[in-house]
There are 2 protein chains.
Amino acid sequence: MNVAVLLFDDFETLDVFGPVEIFGRLKDQYQIQFYSESGGLIKNNHGVAVQSEKIEDIKKEIGVFLIPGGWGTRKEVHNVYLIEKIKEVSQSSKFVHTVCTGTALLAKTGLLDGKRATSNKRAFDWVITQGEKIIWIRKARWTKDGKFYTSAGVSAGMDMTLGFLSDIHGIDFARKVAFEIEYNWIENMEEDNFYQQ
Amino acid sequence: MNVAVLLFDDFETLDVFGPVEIFGRLKDQYQIQFYSESGGLIKNNHGVAVQSEKIEDIKKEIGVFLIPGGWGTRKEVHNVYLIEKIKEVSQSSKFVHTVCTGTALLAKTGLLDGKRATSNKRAFDWVITQGEKIIWIRKARWTKDGKFYTSAGVSAGMDMTLGFLSDIHGIDFARKVAFEIEYNWIENMEEDNFYQQ
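Described below are features of the structure shown in this document.

Calculation notes
- Residues numbered from 1 in each chain as written.
- Chains lettered and ligands numbered in written order.
- Predicted model: local features only at pLDDT ≥ 70, side-chain atom pairs only at ≥ 80, totals over all residues.
- Heavy atoms only, no water.
- Least-squares fit on C-alpha atoms with pLDDT ≥ 70 in both.
- Contact = heavy atoms within 4.5 Å.
- Buried < 20%, exposed > 50% of the residue type's maximum accessible area, 1.4 Å probe, protein only.
- Helix = DSSP H or I, 4+ residues; strand = E, 2+ residues; numbered from the N terminus.
- Axes fitted to C-alpha atoms, helices over the stretch in contact; angles between N-to-C directions.
- Left-handed = near helix turned anticlockwise from the far one by under 90°.
- Nonpolar A, V, L, I, M, F, W, Y, C, P; charged D, E, K, R; others polar.
- Salt bridge = Lys/Arg side-chain N within 4 Å of Asp/Glu carboxyl O.
- Expected span 1.5 Å × (residues − 1).
- Buried area = accessible area lost by both parts, 1.4 Å probe.
- Polar contact = N/O pair within 3.5 Å; in protein donor to acceptor, adjacent residues only side chain to side chain.

### Focus: the relation of the copies chain B and chain A
Alright, step 1. For the pair chain B and chain A, the best superposition has an RMSD of 0.0 Å and corresponds to a rotation of 180° with a translation of 0.0 Å parallel to the axis. Classification of the inter-copy transformation places it as that of a two-fold axis. Closest approach to the rotation axis within chain B is made by the C-alpha atom of Val 50 of chain B, at a distance of 2.4 Å.
Alright, step 2. Interface overlap between copies: 100% of the residues of chain B at the interface are likewise at the interface in chain A, consistent with a symmetric, same-surface contact.

### As for helix H4 (residues 102–109) of chain B
Residues and elements named next belong to chain B.
Alright, step 1. With seven of eight residues buried, H4 lies mostly within the body of the structure.
Alright, step 2. By the burial criterion, the buried members of H4 are Gly 102, Thr 103, Ala 104, Leu 105, Leu 106, Ala 107 and Thr 109.
Alright, step 3. Following H4 by one or two positions, Gly 110 has its phi on the positive side, about 90°.

### Considerations on the packing of helix H6 (residues 156–169) of chain B against helix H7 (residues 171–180) of chain B
To characterise two packed helices, one gives the angle between the axes of the helices and the distance between these axes.
All names here are of chain B.
Alright, step 1. Running from N to C, H6 and H7 point in directions that differ by 145°, and their axes come no closer than 7 Å. Between H6 and H7 the crossing geometry is right-handed. Only Ile 171, Phe 173, Ala 174, Val 177 and Ala 178 of H7 make contact with H6, whose side of the interface consists of Leu 162, Leu 165, Ser 166 and His 169.
Alright, step 2. A breakdown of the residues in the contact of H6 with H7 according to their chemical character gives seven nonpolar, two polar and no charged.

### A look at the pattern of salt bridges
Alright, step 1. Under the counting rule described, the total for this entry stands at 22 salt bridges over all chains.
Alright, step 2. Across the salt bridge formed by Asp 125 of chain A and Arg 138 of chain A, the nearest N and O atoms sit 2.8 Å from each other. Of this pair, Asp 125 of chain A sits in helix H5 (residues 124–127) while Arg 138 of chain A sits in the loop between strand S8 (135–136) and strand S9 (142–145), and the two are 13 residues apart along the sequence.
Alright, step 3. Asp 125 of chain A gets classed as exposed once you look at its relative accessible area, which sits at 52%.
Alright, step 4. Assessed through its relative accessible area of 34%, Arg 138 of chain A is described here as partly exposed.
Alright, step 5. Overlapping salt bridges, with partners in common, bring together Glu 12 of chain A together with Glu 21, Arg 25, Lys 176 and Glu 180 of chain B in one network.

### Things to note about H6 of chain B
Residue and element names in this part refer to chain B.
Alright, step 1. If you check H6, its first and last C-alpha atoms are 20 Å apart, about what 14 residues at 1.5 Å a residue would give, namely 20 Å.
Alright, step 2. For H6, the buried fraction is high: 11 of the 14 residues fall into the buried class.
Alright, step 3. Buried within H6 are the following residues: Ala 156, Gly 157, Met 158, Asp 159, Met 160, Thr 161, Leu 162, Gly 163, Phe 164, Leu 165 and Ser 166.
Alright, step 4. Positioned one or two residues after H6, Gly 170 has a phi angle of 100°, which is positive.

### Quick look at the interface of chain B and chain A
The parts lose accessible area when they come together, and the size of an interface is often stated as this lost area.
Alright, step 1. The interface of chain B with chain A comprises 40 residues on the first partner and 40 residues on the second.
Alright, step 2. Summed over both partners, the interface of chain B with chain A buries about 3,400 Å², with 55% contributed by carbon and sulfur atoms.
Alright, step 3. Among the ionic pairs, Glu 12 of chain B bridges to Arg 25 of chain A, the shortest N-O distance being 2.8 Å.
Alright, step 4. In this structure, the connection of chain B to chain A is made through 22 residue pairs in polar contact (both at pLDDT 80 or more).
Alright, step 5. Secondary-structure elements contributing two or more residues to the side of chain B that touches chain A are helix H1 (13–24), strand S2 (31–36), strand S4 (49–54) and H7 of chain B.

### A closer look at the environment of Thr 150 of chain B
Residues and elements named next belong to chain B.
Alright, step 1. Within the secondary structure layout, Thr 150 lies in strand S10 (residues 148–151).
Alright, step 2. What makes Thr 150 buried here is its relative accessible area of 0%.
Alright, step 3. Sequence-distant contacts of Thr 150, that is, excluding residues within four places in its chain, are made with Thr 98, Thr 103, Leu 112, Ala 117, Thr 118, Trp 142, Thr 143 and Met 160.
Alright, step 4. A distance of 2.7 Å separates a polar side-chain atom of Thr 150 from the backbone nitrogen of Thr 118.
Alright, step 5. Polar side-chain contacts of Thr 150 include one of 2.5 Å to the side chain of Thr 143.

So this is what it looks like as structure tokens:
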């Protein structure tokens, strides 16, 4: 299954590279490629610059389309071209994963309307303004609804990705991966320590 | 304080980007730059390609020198030029951090001799052959000995980095950062769930 990772200026580092660590080590099952609107080096405010291809060059069907969050989402929700591309790729992908405020970008496409979703706890009040017909689950480590997986803030992307592996390959497989990266996986998608009423 | 991150072919994704997420968001305290032997794009087996500068161009004093692990370390321990550079930069850095098998590279310089260190649990038997005068702590999430911090496998780099922030800025500061990235920080460096006798 191929994994297409969306990049844009000021993406959040760990939103991208937590899931990439997990998918990346499963060479027999997943192949990762990075895409952005312009292609080339995409930079963020952590000093990271990552090589990418143009999103318009996605021709094949995608297995997992991964949409990270970050400060850049505040700008990109207004980028009509990018939102349209996100919609197109999401429609033709087998699964769509969002991390943190990446959920706002997917929300903006309308594809999450009527579905359950979550996001970063501290940005939640902003994120929900991007999709008022979505069933927002404020207290969740991650959600799944059909082919759409959405996670809480930053680190939660790793728990969601392991949860996805569990759904696809079984829980023993997911636990083995968590063990290999010495990660204390939160197995229960409802176990969210960062929700504060 | 500036943070110099070492890259080499087949570095481990999260060894690098876990700590980079944490330092990266503290713009007022830390500035990150990536370095490698050759400069330019450095790739790993997860499909990631990151822009870097040449390590020989490090002229200023470094605050934190971060050495990640990954499959590439198996080759780089035999790279005499790189090990010499790692030694030079480590000597002139205020702090040196290693994640996972990155400890093997630092071990090879001799600078850890007589000091306490740890590494990835599953690669431990190989790592310790790189420095037989080191006091190896097999059961540890991370260690610190003077200016040298070393961590267990992959995800443990994040716990170590937060532990470092706690040492420098206080535990409330470190907890706030962990909260912001919704990370369940293992605060106790001796709490290692991945050690198996």
